[in-house]
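Letter by letter, the chains look like this.
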Amino acid sequence: MIIRKSPAELEKMRRAGLLVYNILQELARTVEEGVSTHDLEIAAERMIRDAGARPAFKGYYVPAAGSRYPFVLCTSLNDEVVHGMPSRKRVLRKGDIVSIDTGVQIDGYYGDSAVTVPVGEPNEQVKKLLEVTEASLELAIDKVRSGNRLFDVCGAVERHVLAHGFSIVREYVGHGIGTALHEEPQVPNYVDRKNENPRLKEGMVLAIEPMVNAGKADTRVLADKWTAVTRDGSFSAHFEHCVAVTANGPWVLTRP
Ligand code: MF3
Ligand code: CO
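Residues numbered from 1 in each chain as written. Chains lettered and ligands numbered in written order. Predicted model: local features only at pLDDT ≥ 70, side-chain atom pairs only at ≥ 80, totals over all residues. Heavy atoms only, no water.

Chemist: Sorry if this is basic, but what is going on with the coordination of the cobalt ion (ligand 2) here?
Modeler: Bound to the cobalt ion (ligand 2) are the protein donor atoms Asp112 (OD), His175 (NE2), Glu209 (OE) and Glu240 (OE), situated 2.0 to 2.3 Å from the metal. Coordination of the cobalt ion (ligand 2) draws on donor residues from a single chain, spaced D-x62-H-x33-E-x30-E in sequence. Of this pair, His175 sits in strand S9 (residues 174–176) while Glu209 sits in the loop between strand S11 (205–208) and strand S12 (211–213); the two residues are 34 residues apart in sequence, bridging distant segments of the chain. (Donors = N, O, S within 2.8 Å, 3.2 Å for Na, K, Ca; no water. Helix = DSSP H or I, 4+ residues; strand = E, 2+ residues; numbered from the N terminus.)

Chemist: Would you mind showing me how to read the pattern of salt bridges here?
Modeler: It is possible for side chains bearing opposite charge to pair when their charged atoms get close. Under the criterion given, the structure shown has ten salt bridges. Note that Asp107 and Lys12 form a salt bridge whose closest N and O atoms lie 3.6 Å from each other. Pair noted here: Asp107 is in the loop between strand S6 (97–106) and strand S7 (109–118) and Lys12 is in helix H1 (residues 7–30), with a separation of 95 residues, a long-range link. Ionic pairing is found between Lys94 and Glu33, a salt bridge with its closest N-O pair at 3.8 Å. Taken as a pair, Lys94 in the loop between strand S5 (80–82) and S6 and Glu33 in the loop between H1 and helix H2 (37–50) lie far apart in primary sequence, 61 residues in all. Through salt bridges with shared partners, a single ionic network connects Glu45, Arg49 and Lys58. (Salt bridge = Lys/Arg side-chain N within 4 Å of Asp/Glu carboxyl O.)

Chemist: What am I meant to see in the environment of Glu80 here?
Modeler: Structurally, Glu80 is set in strand S5. Sequence separation of Glu80 and Cys154 is 74 residues, and the distance between their C-alpha atoms is 22 Å. Every residue in contact with Glu80, bar those within four places of it in the chain, is listed here: Thr75, Arg90, Thr227, Ala228, Val229 and Ser236. (Contact = heavy atoms within 4.5 Å.)

Chemist: Can you walk me through the packing of aromatic side chains in this structure?
Modeler: For any two aromatic rings, the description comes down to two numbers: the centre-to-centre distance and the angle of the planes. With the rule as written, the count across this model stands at two aromatic pairs. With centroids separated by 6.1 Å and ring planes inclined at 70°, the aromatic side chains of Tyr69 and Phe71 adopt a geometry described as edge-to-face. On the basis of relative accessible area, Tyr69 is assigned to the buried category, the value being 3%. With centroids separated by 5.0 Å and ring planes inclined at 70°, the aromatic side chains of Tyr69 and Trp226 adopt a geometry described as edge-to-face. Of the two residues, Tyr69 sits in the loop between strand S3 (67–68) and strand S4 (73–77) while Trp226 sits in the loop between strand S13 (219–221) and strand S14 (228–230), which places them 157 residues apart along the sequence. The buried category is assigned to Trp226, whose relative accessible area is 5%. Taken together through their ring pairs, the aromatic side chains of Tyr69, Phe71 and Trp226 make up a single cluster. (Phe/Tyr/Trp six-rings, centres within 6.5 Å; stacked < 30°, edge-to-face > 60°. Buried < 20%, exposed > 50% of the residue type's maximum accessible area, 1.4 Å probe, protein only.)

Chemist: Can you help me understand the sheet that holds strand S17 (residues 249–252) in this one?
Modeler: What links the strands of a sheet is backbone hydrogen bonding, and the strands pair in either a parallel or an antiparallel sense. Spatially, five strands are ordered S10-S9-S11-S16-S17 in an open sheet, and the strand pairing comes out antiparallel. Looking at the sheet topology across the chains shown, the edges are occupied by strand S10 (183–187) and S17. Averaged over all neighbouring strand pairs, the angle between strand axes comes to 25°, with direction disregarded. Two elements, S9 and S10, share three bridges in a ladder whose sense is antiparallel. (Pairing = 2+ DSSP bridges. Axes fitted to C-alpha atoms, helices over the stretch in contact; angles between N-to-C directions.)

Laid out in structure tokens, this is it:
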């Protein structure tokens, strides 16, 4: 069942969404050579607590990992796809890309968003990977309209990514969001005909999060049980927004 939110509930999700936006903006400005992913974690945790919010990821149980995630951020470098863990030892270097993913809960409602940021000037291929991934998210956002179907959203990401010669991660998907971080439906970044294709209705909120690899799609999880990496070592990008279906079209809750 896909839970629909009232306008008052969407306003609460908006507050969570804007806090997540502000955190990611601030962290993106902080990203430069010599900064560690632990530095980003500390800054994010302070902003979340200062806002009177609760971090959504820290303590979140993920069955596949078999434990609770220990940080407020996922910081995934280069060939890391998702769930990279902040560390004092991971110091950013020119030529790296870092995907920063975070979520917060305010007044019972969640926000969740991710960006991938280059450290220094990216080379042409990396630049294209970031542009194509972000553009695929924008195309999907534009499909979040009453009367459209879920596959319109999934298909928009898939078509754009494949047309540019990159590959789509299949093991990790977007999701509904509201009073839980993960609600129905799953939002794969490809049309999955084994799943249902519900019609989108006012009040539904989707967290759309394309994870795109420069090389092959296959991933594996490191011995830490969390960090997902590309099998071929190619770079991976990740962008995410929470988007509500409204009478006026898509409402991106995680940006102004
Ligand atoms: N943005 C990811 C998601 O929505 C990361 C959350 S997993 C966690 O699924 F364990 F880090 F919380
Ligand atoms: Co998410």
